[in-house]
Amino acid sequence: MTHLEIMKFRHACKIFDENKKIGKANFDAILQAGILAPSSTGLEQWDFLVVQKKALREQIREKSWNQPQITSCSHLVVILAKIKDIKLGSDYIERMITRKKDEAPKYIGDRHKFYQDFLSGYFHNDDEELFNWSHAQCMFAALAMMNEAASRGIDSCPMEGFDRAALNEILGIDWNDRRVALLVPFGYRVNPQPQKIRRSMDDVVKWIE
């Protein structure tokens, strides 16, 4: 499929066929697409949890407006937005700066200064500001995974309709460390895709020349 065909195929699938499962090679490719997604300053402000345990999915569904796609999908991805890891002085930032082993010491020093100035200047070590920034980056990862899935004829549904604090608690994740950004179920549709309706290009796009 072309990229536009992928975008036309993708829709927010609400009901998945519980009897159809995504193969390992296909799902690994979906996860890899998320890993390769762009992120602000290259910090990859996300982690992925793949929740397959039935009892845990039932708990997540209960705190997500009882939406059926959580339990009917083949694979459920919980995208976590980093907070603690992207604070100044964290081991994570140090690893991200120094992971290019062939870089000159000056580059490493420049990157340290860049993150020092950027993070202190924009986010002030504030958890809420850092979460909002990370959350926005998680959307890039989600879209990359959904588009890769669509290219393989696999459906998905981005979800933010849930009690974030409750899901953090269910998953045993420290609120000050990482927070649930969004849920993305993957699987195969049961019902035909509804008509995709969007605003016209003339309505959306304005040219300044």
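The rules behind these values
Residues numbered from 1 in each chain as written. Predicted model: local features only at pLDDT ≥ 70, side-chain atom pairs only at ≥ 80, totals over all residues. Heavy atoms only, no water. Helix = DSSP H or I, 4+ residues; strand = E, 2+ residues; numbered from the N terminus. Buried < 20%, exposed > 50% of the residue type's maximum accessible area, 1.4 Å probe, protein only. Contact = heavy atoms within 4.5 Å. Areas by Shrake-Rupley, 256 points an atom, 1.4 Å probe, with all protein chains shown as cover. Pairing = 2+ DSSP bridges. Axes fitted to C-alpha atoms, helices over the stretch in contact; angles between N-to-C directions. Patch = residues over 30% accessible without salt bridge, like charges linked within 9 Å, V, L, I, M, F, W, Y side chains within 5 Å. Salt bridge = Lys/Arg side-chain N within 4 Å of Asp/Glu carboxyl O.

Enquirer: I would appreciate a short explanation of the overall build of the protein chain in the present structure.
Expert: The helix and strand inventory of the protein chain stands at nine helices and four strands. Of all 209 residues assigned to the protein chain, the portion counted as buried reaches 42%. The contacts of the protein chain with a sequence gap of at least 6 include a subset with a gap of at least 24, amounting to 79%. Accessible surface, the protein chain: about 11,900 Å² in total, of which carbon and sulfur atoms supply 54%.

Enquirer: Please clarify how unusual backbone geometry should be interpreted in this entry.
Expert: Leave glycine aside and you will find that most residues have negative phi; peptide bonds, for their part, are mostly trans. Within the chain, Thr41 stands out as a residue other than glycine whose phi angle is a positive 60 degrees. Residue placement: Thr41 occurs in the loop between helix H2 (24-35) and strand S1 (46-51). Phi is positive for Trp65, close to 60 degrees, though the residue is something other than glycine. Mapped onto the fold, Trp65 is located in the loop between helix H3 (54-62) and helix H4 (69-72). The exposure class of Trp65 is exposed, given its relative accessible area of 67%.

Enquirer: Even after reading the chapter, I still don't get the sheet that holds strand S4 (residues 178-187), so can you show me in this structure?
Expert: Sheet strands pair by backbone hydrogen bonding; their relative direction is either parallel or antiparallel. Strand order across the open sheet formed by four strands is S1-S2-S4-S3, with antiparallel pairing between neighbours. The open sheet has two edge strands, S1 and strand S3 (155-156), and neither has a second partner. As paired strands, S1 and strand S2 (residues 75-82) are joined by six bridges and run antiparallel to one another. Following the sheet pairing, Val50 is matched in S2 by Val77. Contacts between H2 and the sheet are confined to S1, S2 and S4, with S1 contributing the most and set at about 160 degrees to the helix.

Enquirer: Where do I start with the pairing of S2 in this structure?
Expert: In the case of a regular strand, side chains alternate between the two sheet surfaces. S2 sits mainly inside the fold: eight of its eight residues count as buried. Alternating residues of S2 divide into His75, Val77, Ile79 and Ala81 and Leu76, Val78, Leu80 and Lys82, and every residue in both groups is buried. Note that S2 and S4 share eight bridges and pair antiparallel. When the sheet's bridge partners are listed, Leu76 is paired in S4 with Pro185.

Enquirer: How should a nonpolar patch on the surface be read in this particular structure?
Expert: A cluster of nonpolar side chains, contributed by Met201, Val204, Val205 and Trp207, occupies part of the molecular surface with about 500 Å² of accessible area. Residue position: Met201 is located in helix H9 (residues 201-204).

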